[in-house]
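Each chain, letter by letter, is given below.
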Amino acid sequence: MKIYIETYGCQMNVADSELVTSILDNSNFKIVREIDEADIIIFNTCSVRQHAEDRVLGRISNEMARKQTNKNLKIGVIGCMAQRLGENLQNQNKGIDFVVGVDQYKHLPEIISNIFENPHFESETMVNNKEIYEDLYPIHSGKLNAFVTIMRGCNNFCSYCIVPYTRGRERSRPADEILKEIENIGKKGYKDITLLGQNVNSYDFNNVNFAELLRRINRIETIERIRFVTSHPKDLSDEVIAVMAESEKVCEYLHLALQSGDDEILKRMNRGYSADHFYTIVQKLRKAMPEIAITTDIIAGFPGETEEQFQRTYDLMEKIRFDYAFTFKYSPRSGTKAAEFTDQVPEEIRLTRLQKLIDLQQDITLQKYREQIGKTKQIYVERVSKKSAEEMAGKSRDFKITVFPGSKELIGQFVDVKIIDAIGWTLKGKILE
Ligand code: SF4
């Protein structure tokens, strides 16, 4: 049977789709890249915002039309939305054949076989806070970069976030399994890996902490570059910063979500750090790695946010000068604590504040990119440029897309490129002979 998987949301979901691919492949299902070929369509979904859920529901409704011409077609939903809504999803769309939550993917082959044998609706969404999918190795979709999940779940309960409810409690994969997986994917030709977890800094398995895990991964010869997401400012230790600085494979890049520059709002968000603490970490990171690029997430208009509190966020962004910021207007997520706060900020104020942050960050990002002109960067060549067949594109160690004249044979190689221009958020350069 042929299965098509459509993935929404964060890198964790991309990694989970690769895990599901592996589980299904082990049971002799065939994963196809064209939806037209599929006997089963699986939507791997995201619940982080209502908009994300509405979008998937729209896609599911569209694809239901296929059942009129293909009576045997089955459609399933997995991921955070499956976990959050469970069998209620069938009330939203009667054509859904199965719903499987994030801890129950091992049962997918059996569930799919069952509904083909005897057509009925199945739902399996039990939370299993111990599930780490031991001894299962994902089949990676890309050819050059690979995500490696090092832990699952989250214990932090930030007041705006649904993830601890959909992905359960934090648990780390055994270090030996992670090292084995990375060594093997390196042998297959992947040189660039991204370690994944909701809060990688709190990785802990049998007294191996995240710093020690990074040290060990850095010693694996088959890979060249290591990045990781997501880091939590309250758990990013001096030890991790030191290991980042001394490990030649760990890239000079870090995504560190600030969310707000105001201490009172940070407290209401249940983030567990102050604006000062965040700023101190940034200073330590830049001292240890002067070339580090730091990106962030910011929420505009969190419940109760006053003009002064918003201004503190704006000022801190101006002071830190992130390389890039993913900015969002606060949107209430039902089931979270913040959605119940009674002092929600009106939509138009949220939007105005968001726009201010976007404008500010756009200027800073452009300046940051222009500051790269004249530097030489090591680029991992990943593809032909979208704009010209004569140009190649790849990423620098600080995660900036760089385009330069070159040929396809360079894909998968590392080249030194001198930066000669910055156009929008793309660097332009030429290879050094
Ligand atoms: S750390 Fe906070 S924002 Fe991140 S997944 Fe956990 S609860 Fe959500």
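Structure first, text after, so check above.
The rules behind these values
- Residues numbered from 1 in each chain as written.
- Predicted model: local features only at pLDDT ≥ 70, side-chain atom pairs only at ≥ 80, totals over all residues.
- Heavy atoms only, no water.
- Near = heavy atom within 4 Å.
- Nonpolar A, V, L, I, M, F, W, Y, C, P; charged D, E, K, R; others polar.
- Pairing = 2+ DSSP bridges.
- Helix = DSSP H or I, 4+ residues; strand = E, 2+ residues; numbered from the N terminus.
- Axes fitted to C-alpha atoms, helices over the stretch in contact; angles between N-to-C directions.
- Expected span 1.5 Å × (residues − 1).
- Buried < 20%, exposed > 50% of the residue type's maximum accessible area, 1.4 Å probe, protein only.
- Arc of directions from axis to C-beta.
- Contact = heavy atoms within 4.5 Å.
- 1 Å grid on protein atoms, 1.4 Å probe; cavity = no way out; pocket = protein on both sides within 12 Å on 5 of 7 lines; lining within 4 Å.
- Points joined across faces, edges and corners; volume = space filled by probe spheres on them.
- Core = buried A, V, L, I, M, F, W, Y, C linked by side-chain atoms within 4.5 Å.

### Some points on the site of the ligand
Line of reasoning, step 1. In the vicinity of the ligand, the contacting residues are Cys-154, Asn-156, Phe-157, Cys-158, Tyr-160, Cys-161, Val-163, Pro-164, Gln-198, His-232 and Arg-271.
Line of reasoning, step 2. In terms of residue class, the shell around the ligand is made up of seven nonpolar, three polar and one charged.

### Some details on the sheet that holds strand S15 (residues 293-300)
Line of reasoning, step 1. Read from one edge of the open sheet, three strands run S14-S15-S16, paired in parallel fashion. Single-partner strands in this sheet number two, and they are strand S14 (253-255) and strand S16 (324-329). Neighbour-to-neighbour, the strand axes of the sheet open up by a mean angle of 10°, direction not taken into account.

### Some points on helix H2 (residues 50-64)
Line of reasoning, step 1. Given a rise of 1.5 Å per residue, 15 residues ought to cover 21 Å, and the 21 Å separating the end C-alpha atoms of H2 matches this to within 8%.
Line of reasoning, step 2. The set of residues buried in H2 consists of Ala-52, Glu-53, Val-56, Leu-57, Ile-60, Glu-63 and Met-64. End-on view of H2: buried residues confined to an arc of 135°, all on one side of the axis. In H2, those exposed residues whose orientation departs by more than 90 degrees from the buried face are His-51, Arg-55 and Asn-62.
Line of reasoning, step 3. The elements touched by buried residues of H2 are strand S3 (40-45), helix H3 (66-69), strand S4 (74-79), helix H4 (80-85) and helix H5 (89-92).

### Structural notes on the sheet that holds S4
Line of reasoning, step 1. Read from one edge to the other, the open sheet built from six strands follows the order S2-S1-S3-S4-S5-S6, with strand pairing classed as parallel. If you trace the sheet from one side to the other, it starts and ends with strand S2 (30-31) and strand S6 (122-124), each paired once.
Line of reasoning, step 2. Alignment of strand S1 (residues 2-7) against S3, held across five bridges, turns out to be parallel. Pairing of Thr-7 across the sheet is with Asn-44, part of S3.

### What about empty space enclosed by the protein?
Line of reasoning, step 1. Counted according to the given criterion, the structure contains one cavity of 30 Å³ or more.
Line of reasoning, step 2. Volume-wise, the largest cavity comes out at about 100 Å³.
Line of reasoning, step 3. Lining of the largest cavity is provided by Ala-15, Asp-16, Leu-19, Ile-132, Tyr-133, Leu-136, Pro-138, Thr-149, Arg-152, Arg-173 and Glu-181.
Line of reasoning, step 4. Top element by residues in the lining of the largest cavity is helix H1 (residues 11-26). It accounts for three residues.

### What to know about the layout of surface pockets
Over the atoms, a rolled probe matching the size of one water molecule traces out where space is still vacant.
Line of reasoning, step 1. Estimates place the volume of the second largest pocket at around 370 Å³.
Line of reasoning, step 2. If you trace the second largest pocket, you find 16 residues lining it, with Thr-21, Ile-31, Val-32, Arg-33 and Ser-141 closest to the centre.
Line of reasoning, step 3. Of all the secondary-structure elements, those providing two or more residues to the lining of the second largest pocket are S1, H1 and S2.
Line of reasoning, step 4. Here the lining of the second largest pocket gets five residues from one element, more than from any other, and that element is H1.
Line of reasoning, step 5. Within the lining of the second largest pocket, the residues separate by chemical class into seven nonpolar, five polar and four charged.

### Details of the nonpolar core
Line of reasoning, step 1. Residues Leu-195, Phe-210, Leu-214, Ile-217, Met-244 and Leu-285 are the most contacted members of the largest nonpolar core, which totals 67 residues.
Line of reasoning, step 2. Excluding its chain neighbours within four sequence positions, the residues that come into contact with Ile-217 are Ile-178, Leu-179, Ile-182, Ile-193, Leu-195, Ile-223 and Ile-226.

Interpretation in functional terms is not warranted from these geometric data alone.
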